[in-house]
Amino acid sequence: LLLDATTGTMAETSVSGNSEEHRTTVIGAKAVEARNLSNTSQISDEIRSFLDGSDGNGASLGLRSEARTFFTILIFITTIPAPSWVDLHPGFLMRGMSYFPVVGSFLGLMYSIVFDFCCHSLGLPCDISGCMMIVFGLYITACFHEDGLADSADGVGGGW
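What you see is a predicted model, and the numbers here were worked out from it, not measured in a lab.

A.B. asks: Please clarify how a nonpolar patch on the surface should be interpreted in this entry.
C.D. replies: Together, Phe76, Leu88 and Phe144 give the surface a local cluster of nonpolar side chains, amounting to about 250 Å² of exposed area. With respect to the element layout, Leu88 can be found in the loop between α2 (63–77) and α3 (90–95).

In structure tokens, the structure reads:
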């Protein structure tokens, strides 16, 4: 793939014999505008029913749905096991944006419990207790934030 500096498009180039073949692989005109919500013919029935207030399987959204949304975010951010009826459904992941601060507060509470246990119950120095807390956080989130930080650093510094 090559970036054509004059047009700003990506072009795929293949060499066959002495001639080069250029094929542009850009999104067609008006493709992005065609994906708005006013064009509901392209929205699947499952997502349409989810947006209308059911879970995509015919059940209405209620307390069980909220619990599923919370546990979806919990298993997305952490390695804490969730009930077997919870999966990473994209609709519940979108609805769960409001649960990110709740799960983050829950994790912060767990970190502080680990720190206090190490510092006060085990009598470890605060520096060592802080290190234990960080290691616990890395384990419980499977380095979720650190992976995002590395991806950001790669995106910023990778092209230089």
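A.B. asks: What is the right way to look at the nonpolar core in this model?
C.D. replies: Generally speaking, a soluble globular protein has its nonpolar side chains buried in company with each other. Ranked by size, the top nonpolar core spans 9 residues in total: Ile73, Leu74, Ile77, Ile80, Tyr99, Val103, Leu107, Met110 and Ile140. Secondary structure elements with two or more residues in this core: α2 and α4 (100–121). The residues contacting Leu107, other than those within four sequence positions of it, are Ile77, Thr78, Ile140 and Thr141.

A.B. asks: Help me understand the pattern of salt bridges, please; the structure alone is not making it clear to me.
C.D. replies: Any two side chains of opposite charge can pair, on the condition that their charged atoms come close. According to the stated counting rule, one finds 2 salt bridges in the structure shown. Residue Glu66 is joined to Arg95 by a salt bridge in which the shortest nitrogen-to-oxygen separation is 2.4 Å. One end of the pair, Glu66, is in helix α2; the other, Arg95, is in helix α3, with 29 residues separating them in the sequence. When the shortest N-O distance is used, the salt bridge between Arg68 and Asp87 registers 2.6 Å. Note that Arg68 is positioned in helix α2 and Asp87 in the loop between α2 and α3, a separation of 19 residues in sequence.

A.B. asks: What exactly am I supposed to notice about a negative patch on the surface here?
C.D. replies: There is a patch of like negative charges on the surface, built from Glu146, Asp147, Asp151 and Asp154. One can find Asp151 in helix α6 (residues 144–157).

A.B. asks: How should the environment of Leu88 be read in this particular structure?
C.D. replies: Judged by its relative accessible area of 47%, Leu88 is partly exposed. Between the C-alpha atoms of Leu88 and Arg68, which are 20 residues apart in sequence, the distance is 9.5 Å. Among all residues touching Leu88, those that are not within four sequence positions of it are Thr72, Ile75 and Phe76.

Scoring rules and cut-offs
Residues numbered from 1 in each chain as written. Predicted model: local features only at pLDDT ≥ 70, side-chain atom pairs only at ≥ 80, totals over all residues. Heavy atoms only, no water. Patch = residues over 30% accessible without salt bridge, like charges linked within 9 Å, V, L, I, M, F, W, Y side chains within 5 Å. Areas by Shrake-Rupley, 256 points an atom, 1.4 Å probe, with all protein chains shown as cover. Salt bridge = Lys/Arg side-chain N within 4 Å of Asp/Glu carboxyl O. Helix = DSSP H or I, 4+ residues; strand = E, 2+ residues; numbered from the N terminus. Core = buried A, V, L, I, M, F, W, Y, C linked by side-chain atoms within 4.5 Å. Buried < 20%, exposed > 50% of the residue type's maximum accessible area, 1.4 Å probe, protein only. Contact = heavy atoms within 4.5 Å. Lys, Arg positive; Asp, Glu negative; His and termini not counted. Charge placed at Lys NZ, Arg CZ, Asp CG, Glu CD.

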